[in-house]
Amino acid sequence: MNKGVIIEIRAGAGGDEAALFAANLFRMYSRFAEKQGWSKSLINSHATGLNGYKEIVFEIKGEEVYEKLKYEAGVHRVQRIPTTEKSGRVHTSTVSVAIMHQATETEIHINPNDIRTDVLRSSGPGGQNVNKIESAVRITHLPTGLVVSCQDGRSQQHNKEQAMQVLRSRLLAKKRAEELSERGDERREQIGTADRSEKIRTYNFPQNRITDHRIKKSWHNLDKIIDGDLNQIIKNYDKKNF
């Protein structure tokens, strides 16, 4: 079985427009996964009333999935006219993306005494309960304070398993970051503050242009890339050493 990645997308600066762009990125990665023949499963989401996401967490499994997606981690900036904008002004918003190795139990062992599990009702946009069964799960890792929630699974047990998977992956990412730091390597956090100035890529819709600021290269077919044609960007990373 191919190991996968866990992707976390969070809306940053920009309110509803940032949440809508988070949904755009989720669709972009979903479409890319389809084109690669990879599988995708939703772990947790916090939807908004405008079909956006404040946060969405999902898993992608497939051949070389981490190698192809690892450079997507960082802050993605979007410049466009929101559908709610009546004066036609271009707004700038940000969304953060984290890409984590799917950790196994052998890589990260979690002591059952180190976690607190809370069970609650799943909720939909606006906070309404989507069912009357307490199937949503929130796990708190007491030593680190990390909190993971999962509500999109088919059962309470499935949500708990998925939440534990995310927690293991976050702990593995934390462990690797600490190891790199101990070796003296500089490592920028994947998520940062999601401020508009902390960007790895800009999506300029009025000019149909995507710019990757790390490799200093632009593409003028944003519509195709946002529809999942990411290979034309990804193949450039192998030529760079960053």
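The preceding data block contains the structure.
Residues numbered from 1 in each chain as written. Predicted model: local features only at pLDDT ≥ 70, side-chain atom pairs only at ≥ 80, totals over all residues. Heavy atoms only, no water.

Participant: Now, about the overall build of the chain: what can you tell me, with residues and values included?
Facilitator: When its secondary structure is counted, the chain shows five helices and 11 strands. Within the span of the chain, comprising 242 residues, buried residues form 45% of the whole. Long-range contacts, defined here as pairs at least 24 residues apart, represent 60% of the contacts in the chain between residues at least 6 apart. Summing over all exposed atoms, the chain offers an accessible surface of approximately 12800 Å²; the carbon and sulfur share of this is 45%. (Helix = DSSP H or I, 4+ residues; strand = E, 2+ residues; numbered from the N terminus. Buried < 20%, exposed > 50% of the residue type's maximum accessible area, 1.4 Å probe, protein only. Contact = heavy atoms within 4.5 Å. Areas by Shrake-Rupley, 256 points an atom, 1.4 Å probe, with all protein chains shown as cover.)

Participant: Describe in detail the environment of threonine 202, supporting the description with residues and values.
Facilitator: Among the structural elements, threonine 202 can be located in strand S9 (residues 201–204). For threonine 202, a relative accessible area of 5% puts it in the buried group. Sequence-wise, threonine 202 and histidine 213 are 11 residues apart; in three dimensions their C-alpha atoms are separated by 7.7 Å. Among the polar contacts listed, one links the side chain of threonine 202 to the side chain of arginine 77, at a separation of 3.1 Å. (Polar contact = N/O pair within 3.5 Å; in protein donor to acceptor, adjacent residues only side chain to side chain.)

Participant: A description of the packing of aromatic side chains should follow, citing residues and the corresponding values.
Facilitator: Under the definition given, this model contains five aromatic pairs. Look at phenylalanine 26 and tyrosine 53: their rings are 6.0 Å apart centre to centre, the planes differ by 75 degrees, and that puts the pair in the edge-to-face class. One end of the pair, phenylalanine 26, is in helix H1 (residues 16–36); the other, tyrosine 53, is in strand S3 (residues 53–61), with 27 residues separating them in the sequence. Accessibility classification places phenylalanine 26 together with tyrosine 53 in one group, the buried group. (Phe/Tyr/Trp six-rings, centres within 6.5 Å; stacked < 30°, edge-to-face > 60°.)

Participant: Which residues make up H1, and what values go with them?
Facilitator: A rise of 1.5 Å per residue sets the reference length of H1, with its 21 residues, at 30 Å; its end C-alpha atoms lie 31 Å apart and thus fit the reference within 8%. One or two positions beyond H1, positive phi appears at glycine 37, with a value near 80 degrees. (Expected span 1.5 Å × (residues − 1).)

Participant: Account for the nonpolar core, with residues named and values stated.
Facilitator: Core analysis: the biggest nonpolar cluster contains 36 residues, and Ile7, Ile9, Leu25, Tyr29, Ile60, Leu69 and Tyr203 have the highest contact counts within it. Of all the secondary-structure elements, those providing two or more residues to this core are strand S1 (4–11), H1, S3, helix H2 (65–69), strand S5 (91–101), helix H4 (222–225) and helix H5 (231–237). In terms of residue count, H1 provides more of this core than any other element does, nine residues in total. In contact with isoleucine 7, other than residues within four places in its own chain, are Ile56, Val57, Phe58, Ile60, Leu69, Val97, Ala98 and Ile99. Ile6, Val148, Met164 and Leu167 belong to the second largest nonpolar core, which has 18 residues in total. (Core = buried A, V, L, I, M, F, W, Y, C linked by side-chain atoms within 4.5 Å.)

Participant: Could you give an account of the sheet that holds S5, naming the residues involved and the relevant values?
Facilitator: Taken in spatial order, the eight strands of this open sheet run S2-S3-S1-S5-S4-S9-S10-S11, and their pairing is mixed. The open sheet is flanked by strand S2 (39–47) and strand S11 (217–219), the only strands paired with a single partner. Each neighbouring strand pair of the sheet contributes to a mean axis angle of 20 degrees, computed without reference to strand direction. Looking at chain direction, strand S10 (residues 209–212) and S11 are connected through three bridges and run antiparallel. In the sheet register, threonine 211 faces S11, and the bridge partner there is serine 218. Docked against the sheet, H1 engages S1, S2, S3, strand S4 (74–80), S5 and S9, running at close to 10 degrees with respect to S3. (Pairing = 2+ DSSP bridges. Axes fitted to C-alpha atoms, helices over the stretch in contact; angles between N-to-C directions.)

Participant: Can you tell me about the pattern of salt bridges, naming the residues and giving the values?
Facilitator: As a working rule, side chains carrying opposite charge can pair if their charged atoms are close by. If you walk through the whole model with that rule in mind, you get 12 salt bridges. Here glutamate 55 ties to arginine 10 by a salt bridge, and the two come within 3.0 Å at their closest N and O atoms. In this pair, glutamate 55 is assigned in strand S3 and arginine 10 in strand S1, connecting sequence segments 45 residues apart. Here aspartate 227 and arginine 27 are joined by a salt bridge, their closest N and O atoms 2.8 Å apart. (Salt bridge = Lys/Arg side-chain N within 4 Å of Asp/Glu carboxyl O.)

Participant: Requested: an account of the side chain of serine 169, with residues and values cited.
Facilitator: By secondary structure assignment, the location of serine 169 is in helix H3 (residues 156–182). Taking relative accessible area as the criterion, serine 169 reaches 1% and is therefore assigned buried. When sequence neighbours within four positions are dropped, the list of residues in contact with serine 169 reads Ile6, Met100, His101, Gln102 and Ala103.

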